[in-house]
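Read off the chains here:
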Amino acid sequence: METTQWHIELYLTEDGRTTRADTVLRTSAGTEVRHSGVARRSPEDRDVPEIGEELAACRALTGLAHDLFEAAVADVEDNVGTDAQIQV
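To start, this report covers the structure provided alongside it. Fair warning: this is a prediction, and the values are worked out from it, not measured in the lab.

Moving on to the overall build of the protein chain. Along the backbone of the protein chain there are 1 helix and 3 strands. Going residue by residue from the N terminus, the α and β elements of the protein chain occur as β-β-β-α. In terms of overall dimensions, the protein chain is more spread out than a globule: its C-alpha atoms have a radius of gyration of 17 Å, far above the 12 Å expected for 88 residues. Over its C-alpha atoms, taken along the principal directions, the protein chain stretches across nearly 55 × 30 × 20 Å. Here the protein chain holds 88 residues, and 19% of them are scored as buried. Long-range contacts, defined here as pairs at least 24 residues apart, represent 33% of the contacts in the protein chain between residues at least 6 apart. Here the protein chain contributes 8 positive and 18 negative side-chain charges, whose respective centroids are spaced 10 Å apart.

On the surface, Glu14, Asp15, Glu50, Glu53 and Glu54 cluster together into a negatively charged patch. Going through the elements one at a time, strand E1 (7-15) and helix H1 (49-80) are the ones with two or more residues in the negative patch.

Summarising the element assignment, Thr23 is placed in strand E2 (residues 18-26). In this structure Thr23 touches Glu9, Leu10, Val33, Arg34, His35, Ala60, Leu61 and Leu64, once residues within four positions along its chain are discounted.

We now examine the layout of surface pockets. Think of a ball as big as a water molecule: rolled over the atoms, this probe shows where empty space is left. Estimates place the volume of the largest pocket at around 200 Å³. Along the wall of the largest pocket there are 16 residues; nearest its centre are Arg41, Arg46, Val48, Ile51 and Gly52. Elements that contribute at least two residues to the lining of the largest pocket include exactly E2, strand E3 (32-40) and H1. In terms of residue count, H1 provides more of the lining of the largest pocket than any other element does, 4 residues in total.

Attention now goes to the pairing of E1. As paired strands, E1 and E2 are joined by 9 bridges and run antiparallel to one another. By the bridge assignment for E2, Asp15 is matched with Thr18. The hairpin turn running from E1 into E2, its antiparallel successor, is 2 residues long, and Gly16 in that turn takes a positive phi close to 70 degrees.

Procedures and definitions
Residues numbered from 1 in each chain as written. Predicted model: local features only at pLDDT ≥ 70, side-chain atom pairs only at ≥ 80, totals over all residues. Heavy atoms only, no water. Helix = DSSP H or I, 4+ residues; strand = E, 2+ residues; numbered from the N terminus. Rg over C-alpha atoms; globule rule 2.2 N^0.38 Å. Buried < 20%, exposed > 50% of the residue type's maximum accessible area, 1.4 Å probe, protein only. Contact = heavy atoms within 4.5 Å. Lys, Arg positive; Asp, Glu negative; His and termini not counted. Charge placed at Lys NZ, Arg CZ, Asp CG, Glu CD. Patch = residues over 30% accessible without salt bridge, like charges linked within 9 Å, V, L, I, M, F, W, Y side chains within 5 Å. Areas by Shrake-Rupley, 256 points an atom, 1.4 Å probe, with all protein chains shown as cover. Salt bridge = Lys/Arg side-chain N within 4 Å of Asp/Glu carboxyl O. 1 Å grid on protein atoms, 1.4 Å probe; cavity = no way out; pocket = protein on both sides within 12 Å on 5 of 7 lines; lining within 4 Å. Points joined across faces, edges and corners; volume = space filled by probe spheres on them. Pairing = 2+ DSSP bridges.

Rendered as structure tokens:
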């Protein structure tokens, strides 16, 4: 059995009421997929940085998953030479 390791980096930046999450996925084959997510706090909300971080990270990781899926579909289509109908 072979184990392959992929790396995901998640960077969180807060600027006032806005929190940004940037994700980078690097595969063992050298593929790199990136996605960002943003959360904005309303002026009337309490300042709880963890909530903005959670929302921004969730949005970035969800986008990253979608981008990875689209890349996999494209790879399948390139390999079989026709459109692919793949379910998540």
